[in-house]
Every structure is written in C-alpha cells, then in structure tokens.
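Coordinate inspection notes
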Amino acid sequence: MAVCARLCGVGPARGCRRRGAAREQRRGGGADSEPDTDTDPEETGGGGGASVEDDELTERIECAGPAPHPAEVGPNGRAPLSILELPPELLVQIFGSLPGTDLPSLARVCTTFRRILRTDTIWRRRCREVLHRYRHILGLWQPDIGPYGGLLNVVVDGLFIIGWMYLPPHDPHVDDPMRFKPLFRIHLMERKSATVECMYGHKGPHNGHIQIVKKDEFSTKCNQTDHHRMSGGRQEEFRTWLREEWGRTLEDIFHEHMQELILMKFIYTSQYDNCLTYRRIYLPPSSPDDLIKPGLFKGTYGSHGLEIVMLSFHGRKAKGTKITGDPNIPAGQQTVEIDLAHPLQLPDIENLRDFSELSRIVLEVQEQVRREEQEEQQRGEDEDRSQQAASSPAAQPQGGEGAEGEETAAGAERAAQDKAPASQPFVLPMGVISRNEDYPRTCRICFYGTGLIAGHGFTSPERTPGVFVLFDDDRFGFIWLELKSFSLYSRIKVSFQNAEAPSREAFDEMLKNIQSLAT
C-alpha cells in the first residue's frame with residue numbers, strides 16, 4: 001500500500017495514514033477501510049514513547065502539499081487521508097499512468113484496487129502506450145506473395161496486436177463467410193518491451209520479428225521456421241494445406257489442369273515461411289451517387305477458385321481490382337471495368353438463353369463505345385491545338401469539363417435505373433460456364449464492361465467485352481464473352497477497422513501503386 005501511494009504521488013504515504021488513523025481513534029473517530037496487512041518499516045523500530053504532538057508534527061511535515069482538488073474532498077468536508085478514499089474515476093487516471101508491469105502487483109493489494117484495474121479505459125490506454133511503436137501497422141495490408149497476394153487485417157485484441165490473414169471460403173461457395181487465421185501477434189511480457197511471435201504452422205507461437213520499413217510498409221520474419229515443419233514431411237504439409245485451402249483432397253479434384261494450379265500455388269507460397277513484406281491498402285471511399293456501396297467482394301475464377309476483389313467507383317467507371325490473384329491475372333491488376341454510362345437492355349428471358357443474341361447486343365455497344373472514344377480523343381486534340389494558340393492557359397475549363405463528364409455519366413446511370421424495372425428475370429445463356437449454379441435468377445440492371453484476360457505469367461494481357469450484372473446490394477456478376485464464363489461476386493461482410501483512406505487522392509494513389517507492383 002505504501003508503495004502504491006508513493007508511486008501515485010497522490011495522498012499521504014501509509015505511515016502517515018496510519019498515524020492519522022491512530023490520532024482519529026484517540027479522538028474517538030474510526031476509519032472504515034479494508035485491512036492492510038503490510039508492515040511499515042517506519043513503525044517496526046519502536047517509537048512508543050512519542051507524544052501526540054510529535055505525531056501531529058511529523059504528519060504535518062510528511063504530508064505537507066498543495067490544497068486538495070475539490071473532487072478530492074470527501075463528504076465530510078475534509079481531504080482524504082487514504083488513497084482508498086479518492087473517487088474511482090481519479091484512481092482510474094492514477095493507475096492508468098503507472099508502468100504496465102506494476103499493475104498486476106497493484107491488483108493484489110486489495111479488492112478495491114482489483115475492481116478498479118478491471119476498467120477497460122486503463123487497458124485501452126496501456127495498449128496505446130506499450131504498443132505505440134506498432135500503431136502504424138493497424139489496418140488492412142496486402143502481402144507480397146508473387147501473383148497470389150492476400151488480405152491481412154491487423155487489429156488490437158486486449159493486450160495483443162494480432163495479424164489475421166483473411167481467406168475466401170472454399171470454392172465455389174461464394175456466399176459463405178470468410179475464413180481467417182493468425183500469422184503473428186505482438187504482446188507485452190515481463191519487461192517494458194513488446195514481444196513478437198510467429199503464429200504460422202501447427203506447433204503454437206514461437207519467436208518472430210517485425211520490421212517497420214516505413215509508414216505504409218512493414219515486413220515479418222520467423223526466427224524458428226522449424227516450427228512450421230511436420231513430422232510427415234512435405235507430403236503431410238501439402239495434404240494439410242489442401243484441406244485448409246480447398247476443403248478437399250487432391251483425389252477429389254479430377255481436373256488435371258486444376259491439380260497443376262493447386263500444386264503450383266502450394267510450392268510457391270510455402271517457400272515464404274511467413275517471411276513477408278506487406279503494403280497498406282485502403283477500403284474504397286463511397287459516394288451517394290454510387291451504384292452500390294463499394295468494398296471487398298469474393299468472386300469465382302474458374303480453376304483458380306475464389307479470389308478477393310475490391311470494387312470502387314471513379315466517375316463514369318467502376319473498377320474491380322484483385323486483392324488476391326493467380327498466375328494469369330496477378331493480385332493488384334484491374335480484373336473488370338464497368339462503363340456506367342452504357343447500360344445494357346437485356347432481351348427477354350427466352351432470347352437471353354441464346355448466347356449469340358447476347359453477344360450481338362454487347363458487341364454493338366462495344367462499337368458505340370469505340371466511336372465515342374475516338375470522338376473524345378479528336379476533341380481533346382482540337383482543344384490542345386486551341387490552347388497552344390491562345391494567349392492564356394485554359395487549365396480551369398479542362399477541370400470543369402472533367403467534372404461535367406462525371407455528372408453526365410452519373411445522370412445517364414440514374415436515367416438507366418429509372419427506365420429499367422425494379423428487377424427483371426435473369427438466366428445465363430446456354431454454353432456459359434459457371435462454377436456456382438446457385439446464382440440469383442433476377443437482376444436490377446446490367447452495364448457494358450470489359451474483363452482482363454492473359455496467358456500464364458500475365459502474358460499477352462488484353463481487355464475483352466463482357467456484361468456486368470447487378471443482382472442486389474451485396475452481389476453482382478460478370479459474363480466474360482470471349483471465355484464464355486461467368487463470375488459471381490458476393491460482398492465480404494466484415495467490419496474492418498483503421499482501413500479508411502485519408503483522402504480520395506490517397507486511395508487512387510494506393511490503387512496505382514499496387515497495380516504497378518503487379519505489373
């Protein structure tokens with residue numbers, strides 16, 4: 001108790017309190033508090049012959065200090081003689097300012113201290129102070145794992161900072177919730193330093209290291225990679241990884257090409273052994289004019305399984321950027337682009353089953369878009385020549401035209417939604433392949449769009465025409481005309497913290513950076 005009072009620097013020390021209590025007792029008063037079984041060295045050396053006046057003089061010397069704050073004055077109008085008499089909210093402030101390693105000992109002093117130390121405010125403050133140097137790694141990150149990428153969410157959990165890797169559900173169950181597993185954690189041990197542990201593998205936490213390269217980049221390193229190994233060797237590790245990643249065995253996958261892709265991913269990703277570099281990503285900012293709320297979605301990508309895509313809106317365009325990828329289209333690339341200024345009027349349900357009819361409609365819009373882009377390019381060249389001939393710069397009109405273009409696109413989108421019925425029947429044309437046959441049979445609206453396709457190793461990439469199909473607020477689809485394939489996307493319903501972009505410019509810069517790294 002004496003140690004606590006002196007550490008806090010508030011109120012008299014224990015010896016002072018006890019002498020005050022003895023004086024009160026001699027005056028007929030008594031103090032109501034829990035017993036303190038500690039022995040004060042100041043009281044064990046005798047002193048029984050000291051007078052009352054000597055005690056009062058000693059008290060005035062040892063307990064001298066500034067006048068008590070009004071909040072510290074007790075109901076009887078006097079300043080408290082014990083720290084136990086202070087208001088609980090003041091004790092919370094005092095305990096919150098003490099070294100974190102002293103708090104467990106402080107909790108053993110008495111039941112009052114133990115009850116106050118359960119206050120969340122103290123521990124939230126402790127997390128901020130102890131883990132201060134790691135505050136910049138909270139939020140969403142994309143690991144640099146070649147073309148595969150990933151989604152890491154770093155959060156504060158009690159006295160820990162934990163890095164959770166989020167994984168899509170097993171193919172093709174796109175509507176199932178995300179899976180997640182811990183990759184590392186940071187916590188306070190006996191000393192005043194944060195300890196980093198690697199959580200990768202199946203043998204429990206072990207020694208790791210985190211290096212903060214800069215504000216938007218950090219790296220992890222496992223110092224005991226032998227903890228990742230299994231007694232059965234690489235074959236057991238592969239079987240375990242396959243069950244976790246795909247929810248099945250290799251014998252259950254009959255498609256030979258799919259088996260090759262799975263084996264390739266295991267060999268590539270397992271070599272990192274949780275020694276990774278992460279780059280920050282932001283959730284896309286939203287606007288009232290957006291078609292639906294932007295965010296993260298899981299989508300089907302044929303033999304590659306389920307992948308994570310970020311949907312964002314950019315004026316007359318909507319973009320789907322891969323957060324996880326594959327050897328054909330790596331993470332960071334723009335997988336789909338939707339032209340919100342060109343809605344599609346689908347044929348009736350019977351004609352929609354005819355792939356050639358849908359293809360005819362899409363190719364007509366593609367030709368219209370090509371002509372409009374040529375006209376816009378010609379206008380831009382004419383304006384450049386006019387600006388060169390003019391005596392004053394015309395930067396401001398250019399900005400106005402860009403804003404007007406976005407407003408026109410938003411107006412076209414709203415007009416299309418006004419004309420279209422609230423919902424219309426939808427069915428995939430004959431011959432279009434879908435990993436998930438459980439797609440919605442009604443949709444709200446469709447737009448012309450393009451999808452990125454490429455050979456293995458991102459060779460010969462090209463944008464090909466397709467159809468963006470909006471089903472509801474949480475699901476959309478994309479028909480890849482050239483591949484005769486359909487991807488279904490479902491929203492990731494996780495409330496990620498510390499993931500908002502500080503500005504629209506910061507988000508656009510982030511998209512540009514991850515795409516350049518992928519290229």
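A brief report on the enclosed structure follows. (Residues numbered from 1 in each chain as written. Predicted model: local features only at pLDDT ≥ 70, side-chain atom pairs only at ≥ 80, totals over all residues. Heavy atoms only, no water.)

This brings us to the packing of aromatic side chains. Applying the stated rule across the entire model yields 22 aromatic pairs. Between Tyr-166 and Phe-496 the ring centres are 5.3 Å apart and the planes differ by 75°, which places this aromatic pair in the edge-to-face class. Taken together, the residues span a long stretch of sequence, with Tyr-166 in strand 3 (residues 160-167) and Phe-496 in the loop between strand 19 (485-491) and helix 13 (504-518) at a distance of 330 residues. Members of the aromatic cluster, each reached through a chain of ring pairs, are Phe-297, Tyr-301, Phe-468, Phe-476, Phe-478, Trp-480 and Tyr-489. In this arrangement the basic side chain of Arg-441 is found over the ring face of Tyr-439, its NZ or CZ atom lying 3.7 Å from the centre. It is Lys-484 that lies over the ring of Phe-355; its NZ or CZ is 4.8 Å from the centre. (Phe/Tyr/Trp six-rings, centres within 6.5 Å; stacked < 30°, edge-to-face > 60°. Helix = DSSP H or I, 4+ residues; strand = E, 2+ residues; numbered from the N terminus. Lys NZ or Arg CZ within 6 Å of the ring centre and 35° of its normal.)

Taking 1.5 Å of rise per residue, the 14 residues of helix 8 (residues 233-246) would be expected to cover 20 Å, and the 20 Å separating its terminal C-alpha atoms lies within 8% of that figure. Turning to helix 8, its buried residues number three or more, namely Glu-237, Phe-238, Thr-240, Trp-241, Leu-242, Glu-245 and Trp-246. Just past helix 8, the residue Gly-247 takes up positive phi, approximately 70°. (Expected span 1.5 Å × (residues − 1). Buried < 20%, exposed > 50% of the residue type's maximum accessible area, 1.4 Å probe, protein only.)

Turning next to the nonpolar core. Counting residues in each nonpolar core, the largest one holds 25 residues, and the members touching the most others are Leu-344, Phe-426, Val-467, Ile-479 and Phe-486. Breaking this core down by element, the ones donating at least two residues are helix 11 (355-389), strand 16 (445-455), strand 17 (459-472) and strand 19. At 6 residues, helix 11 tops the list of elements feeding residues into this core. Excluding its chain neighbours within four sequence positions, the residues that come into contact with Phe-486 are Thr-300, Leu-428, Val-432, Ile-433, Ser-434, Tyr-439, Phe-471, Gly-477, Phe-478, Ile-479 and Trp-480. By size, the runner-up hydrophobic cluster in this structure holds 20 residues, among which are Val-309, Val-336, Ile-445 and Leu-470. (Core = buried A, V, L, I, M, F, W, Y, C linked by side-chain atoms within 4.5 Å. Contact = heavy atoms within 4.5 Å.)

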